[in-house]
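Residue-level listing of the chains:
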Amino acid sequence: MKLSFSDPSLPKSGSIAILATQERRLGPVGSDLDQRTGGMLARAMAAARFAGKPGEVLSVFPPAELDLERILIVGIGPADKIDDRALQEAGGTAYASLARSTEAAILVDLPEIPALKPEAAAAEIAFGARLRSYRFDKYRTKEKKEDRPSLKKLTLHTAGHQAAKKLMARLDAVAEGVFLTRDLVSEPANILYPETLADRCRELAELGVEVDVLDEKRMKKLGMGALLGVAQGSARPPRLVTMTWKGAPDAADARPVAFVGKGVTFDTGGISIKPAQGMEEMKWDMAGAGAVVGLMRTLAGRKAKANVVGVVGLVENMPSATAQRPGDIVTSMSGQTIEVLNTDAEGRLVLADALTYTHRTFQPRMVIDVATLTGAIIIALGTEYGGLFSNDDELAGRLLEAGRLTGEKLWRMPIADTLDKAINSDAADVKNISGDRNAGSSVGAAFVKRFVEDGTAWAHLDIAGVVWSKKDAPITPKGGTGYGVRLLDRFVADTCEA
Ligand code: BES
Ligand code: MN
Ligand code: ZN
């Protein structure tokens, strides 16, 4: 879909969406239209009890004297609560209602709200429409044309349309990253496995990202026994990919911020095998890595002024004659030995070596790992919030704030000292489960923490509940959500580029 910006006039043809606040107020162009039609819009809103709440849409058939196809009134909520998020959601909701038109426009015609710049509002609305327009339909060969969205061009009518276009360029880079993450998360595991996911990372070189792909041989040499132990059950060889973006001005602190993603391209559980019911969902057990790859794409796409590395550990967790067994002891790259008591707690093993490699190779000033690590985080937080664990209050605060601003929300969770003790092993330095069901997500975090070097600010995002959605939301169609890209892009912009 092509998005364009034009002056704030009423289009002559096609379908249009106008916005109304929860006070049922329209902007100047909308009010003018209402007057010219003898108060038709106001009457329609009253008759339908349309209140202007977020998500509300009212379809009005245009009077004969206008050549318009349809008029949609889209609610945006109370005037004093209109922020980027509300604008994006209104854009997404408008898009969903306009998707079956051929020609459509959104009138960015908000009632006078001093804090709101029309060009910025227009860009955020367009961004929301763009995010909602995503589809993963490459394998749907029989879908009829009339069932597919037909909208090829969406025009935003706004004051300051040239400025809006400029603002949109940055948001387009964010959307590209989100779409890449959604694509990766949606691909089935027969298509997307460590080697092919590494190939997708390599494509970022075109944007100026330095990409290094480690194969099994190099990982063996480095002593990555934890990651390799997970990989050994699969016929698909593992990969570890680093993606380096150097965008900081020369004088700035050169040490990068590192993002480390769990990329289990399929998680059967291994010998500690998962039940059949729902196992197909484990194709998205690489969503942490997916978020990191999408983030790097966004940062490079908008030429972020920061030094950032993305590291992804890519493996497939399979049961087989060569798979690791419960009770196996492996030696991680850090030198710590790990007793693998449950082969389904594999993500932490992958992160362990990916983290050590990241520390030693890049000496990052802070490290944030991103992983679909535990089912327990879904029990604790559901599908709205990702879990945040951190050894640094300042870092945690900034991540929470980025989550609030983008709507990719986080909730801070604790790591009790007793849980760290609970993963001491009788046979090795550490074991990969605690042995009881208590605070499963915190146990996972406590394990990962053992592979973070002292003195480094670290955060762990357990995103198992938020990367896949079973129903449509205003700016995320059901399926892969692309969670993490907008959050971490905002974090980089506000912490490293400000
Ligand atoms: N990938 C799973 C976590 C997961 C489970 C994500 C369900 C989404 C939905 C992870 O590798 C895993 O299996 N974790 C185990 C840990 C347990 C064995 C300590 C879990 O959560 O059950
Ligand atoms: Mn698992
Ligand atoms: Zn897993």
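Heads up: these notes are all about the structure in this document. (Residues numbered from 1 in each chain as written. Chains lettered and ligands numbered in written order. Predicted model: local features only at pLDDT ≥ 70, side-chain atom pairs only at ≥ 80, totals over all residues. Heavy atoms only, no water.)

1. Things to note about the site of ligand 1
Part 1 of the reasoning: Close contacts around ligand 1 come from 17 residues, with Lys274, Asp285, Asp344, Glu346 and Gly375 the closest.
Part 2 of the reasoning: Asp285 is positioned such that a nitrogen or oxygen atom in its side chain is 2.8 Å from a nitrogen atom of ligand 1.
Part 3 of the reasoning: Within the backbone of Gly375, a nitrogen or oxygen atom sits 2.7 Å from an oxygen atom of ligand 1.
Part 4 of the reasoning: Relative to its free-state accessible area of 510 Å², ligand 1 is covered by the protein chains to the extent of 77%. (Near = heavy atom within 4 Å. Polar contact = N/O pair within 3.5 Å; in protein donor to acceptor, adjacent residues only side chain to side chain. Areas by Shrake-Rupley, 256 points an atom, 1.4 Å probe, with all protein chains shown as cover.)

2. Considering the coordination of the zinc ion (ligand 3)
Angles at a metal have ideal values that depend on geometry: 109.5 degrees with four tetrahedral donors, 90 or 180 degrees with six octahedral donors.
Part 1 of the reasoning: Taken together, Lys262 (NZ), Asp267 (OD), Asp285 (OD) and Glu346 (OE) make up the full set of protein donors to the zinc ion (ligand 3), lying 2.0 to 2.4 Å away.
Part 2 of the reasoning: Each donor residue of the zinc ion (ligand 3) belongs to the same chain, and together they define the spacing K-x4-D-x17-D-x60-E.
Part 3 of the reasoning: The metal-metal distance between the zinc ion (ligand 3) and the manganese ion (ligand 2) comes to 3.1 Å, with Asp267 coordinating both. Here the residue Asp267 occupies a position in strand S9 (residues 257–267), and Asp285 occupies one in the loop between S9 and helix H9 (287–301), the gap between them amounting to 18 residues. The pair formed by Asp267 and Asp285 is uniform in burial state, with each residue classed as buried. (Donors = N, O, S within 2.8 Å, 3.2 Å for Na, K, Ca; no water. Helix = DSSP H or I, 4+ residues; strand = E, 2+ residues; numbered from the N terminus. Buried < 20%, exposed > 50% of the residue type's maximum accessible area, 1.4 Å probe, protein only.)

3. A closer look at the packing of aromatic side chains
To describe a pair of aromatic rings, one takes the distance between the centres and the angle between the planes.
Part 1 of the reasoning: One pass over the structure, following the stated rule, counts 5 aromatic pairs.
Part 2 of the reasoning: A cation sits over an aromatic face here: Arg236 above Tyr193, 3.7 Å from the ring centre.
Part 3 of the reasoning: A cation over a ring is seen here: Lys409 above Tyr385, with NZ or CZ 4.9 Å from the ring centre. (Phe/Tyr/Trp six-rings, centres within 6.5 Å; stacked < 30°, edge-to-face > 60°. Lys NZ or Arg CZ within 6 Å of the ring centre and 35° of its normal.)

4. Here's the deal with the sheet that holds strand S16 (residues 430–431)
Part 1 of the reasoning: Across the sheet, which stays open at both edges, the 3 strands sit in the order S11-S12-S16 with mixed pairing between neighbours. A strand with exactly one partner marks an edge of an open sheet, and here the two such strands are strand S11 (328–331) and S16.
Part 2 of the reasoning: Note: S11 against strand S12 (residues 337–340), 4 bridges, orientation antiparallel. Paired with Thr331 across the strands is Thr337, a residue of S12. (Pairing = 2+ DSSP bridges.)

5. Notes on the nonpolar core
Part 1 of the reasoning: In terms of nonpolar packing, the biggest core is built from 55 residues, with Met243, Phe259, Val312, Leu399, Leu461 and Phe491 touching the most fellow members.
Part 2 of the reasoning: When near neighbours in sequence (up to four residues on either side) are disregarded, Val312 contacts Cys201, Arg239, Leu240, Val241, Met243, Gly261, Ala289, Val292 and Val293.
Part 3 of the reasoning: The next biggest cluster of nonpolar side chains, apart from the first, holds 43 residues, and it includes Leu3, Leu116, Leu131 and Phe179. (Core = buried A, V, L, I, M, F, W, Y, C linked by side-chain atoms within 4.5 Å. Contact = heavy atoms within 4.5 Å.)

6. Thoughts on the side chain of Glu346
Part 1 of the reasoning: With respect to the element layout, Glu346 can be found in the loop between S12 and helix H10 (347–362).
Part 2 of the reasoning: Classification of Glu346 as buried rests on a relative accessible area of 0%.
Part 3 of the reasoning: Setting aside chain neighbours within four positions, we find Glu346 in contact with Val230, Lys262, Val264, Asp267, Asp285 and Asn317.

7. Overview of the coordination of the manganese ion (ligand 2)
Part 1 of the reasoning: On the protein side, the manganese ion (ligand 2) has Asp267 (OD), Asp344 (O), Asp344 (OD) and Glu346 (OE) as donor atoms, found 2.0 to 2.2 Å from it.
Part 2 of the reasoning: Mapped onto the polypeptide sequence, the residues donating to the manganese ion (ligand 2) form the spacing pattern D-x76-D-x1-E.

These figures come from the coordinates and say nothing about function on their own.
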